[in-house]
Amino acid sequence: MGGFSLGVVVGCLLAGVLVGQLDIKVPAVVKTVFFDLFLFNTGYKVGPQFFQALKRDALPQMALTVVLCVTCLLMALGFAKLLSFDMGTAAGLLAGAFSESTVIGTAGEAIQRLDLPQAERTALINNIPVAYAVTYLVGTAVLLWFLPKVGPRLMGINLREAAAQRAEKAGPGSDAEGITSAARLFDVRAKAIVIHIAQRSCFASGLPLRGC
């Protein structure tokens, strides 16, 4: 709409909510296939980064992960009890607030195995994506406000000044911890390879290099 774009994730979430509100029936096999595709793409993207991070500094990151997961789980359970949410809504709250879409599938499978009437299980599962969509939107918006506004105040720093000092300390063309230069030699090599391939194609076709 004009210069405003929802983005892929938020657009899909709102489209999913709209499909649900319009009572459009989606076959179970379609849901399963597309969710499996989502899981595969997530693992395909994050997997290499995960194994590359398992270095000497991985222990603090793993500890932070455990603290974050336990905190999010306890917070979601606490608010679900406080607000008397059902299991489906509570799972959607956890998934959206934690920005972890895989919780949707895990919670859905767990609910399907409960000893409840099918209609009740279906209602609980349908509540998951609705709660997820709402809490994801709110959580993302609050995070975008919290990081640049509240976070630096809690740390007692000025974000712009700290960034400028970090850049000055790193110096031009040098890499400090956590800072990577945008200059890449392989970019130049990649261009050279393309030119070399073009030259070989010209020679193979008998065309003069200048005309090619």
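The preceding data block contains the structure.
Residues numbered from 1 in each chain as written. Predicted model: local features only at pLDDT ≥ 70, side-chain atom pairs only at ≥ 80, totals over all residues. Heavy atoms only, no water.

Let's talk about a nonpolar patch on the surface
- On the surface, Val-130, Val-134, Val-138, Val-142, Leu-143, Trp-145, Phe-146, Leu-147, Leu-154, Met-155, Ile-157 and Leu-159 cluster together to form a nonpolar patch covering roughly 1200 Å² of accessible area.
- Inspection of the secondary structure puts Leu-154 in helix H6 (residues 118-155). (Patch = residues over 30% accessible without salt bridge, like charges linked within 9 Å, V, L, I, M, F, W, Y side chains within 5 Å. Areas by Shrake-Rupley, 256 points an atom, 1.4 Å probe, with all protein chains shown as cover. Salt bridge = Lys/Arg side-chain N within 4 Å of Asp/Glu carboxyl O. Helix = DSSP H or I, 4+ residues; strand = E, 2+ residues; numbered from the N terminus.)

Examining the pattern of salt bridges
- In this structure the tally under the stated criterion is 1 salt bridge.
- Notably, a salt bridge pairs Lys-25 with Asp-23, separated by 3.1 Å at the nearest N-O pair. Each member of the pair Lys-25 and Asp-23 is classed as exposed. (Buried < 20%, exposed > 50% of the residue type's maximum accessible area, 1.4 Å probe, protein only.)

Digging into the environment of Phe-79
- Considering the arrangement of structural elements, one finds Phe-79 in helix H3 (residues 58-82).
- Looking at Phe-79, the relative accessible area reads 40%, which means it is partly exposed.
- Along the backbone, Phe-79 and Ala-90 are 11 residues apart, and their C-alpha atoms lie at a distance of 8.3 Å.

Let's talk about the packing of helix H4 (residues 87-97) against H6
- Running from N to C, H4 and H6 point in directions that differ by 30°, and their axes come no closer than 7 Å. The angle between the axes of H4 and H6 places the two elements in the roughly parallel class. The hand of the H4/H6 crossing is right-handed. Facing H4, whose interface residues are Met-87, Gly-88, Thr-89, Ala-91, Gly-92, Leu-93, Ala-95, Gly-96 and Ala-97, H6 presents Leu-124, Asn-127, Ile-128, Ala-131, Tyr-132, Thr-135 and Tyr-136.
- When the residues that make up the contact of H4 with H6 are grouped by side-chain class, the tally is 10 nonpolar, 6 polar and no charged. (Axes fitted to C-alpha atoms, helices over the stretch in contact; angles between N-to-C directions. Parallel < 35°, antiparallel > 145°, perpendicular 65-115°, else oblique. Left-handed = near helix turned anticlockwise from the far one by under 90°. Contact = heavy atoms within 4.5 Å. Nonpolar A, V, L, I, M, F, W, Y, C, P; charged D, E, K, R; others polar.)

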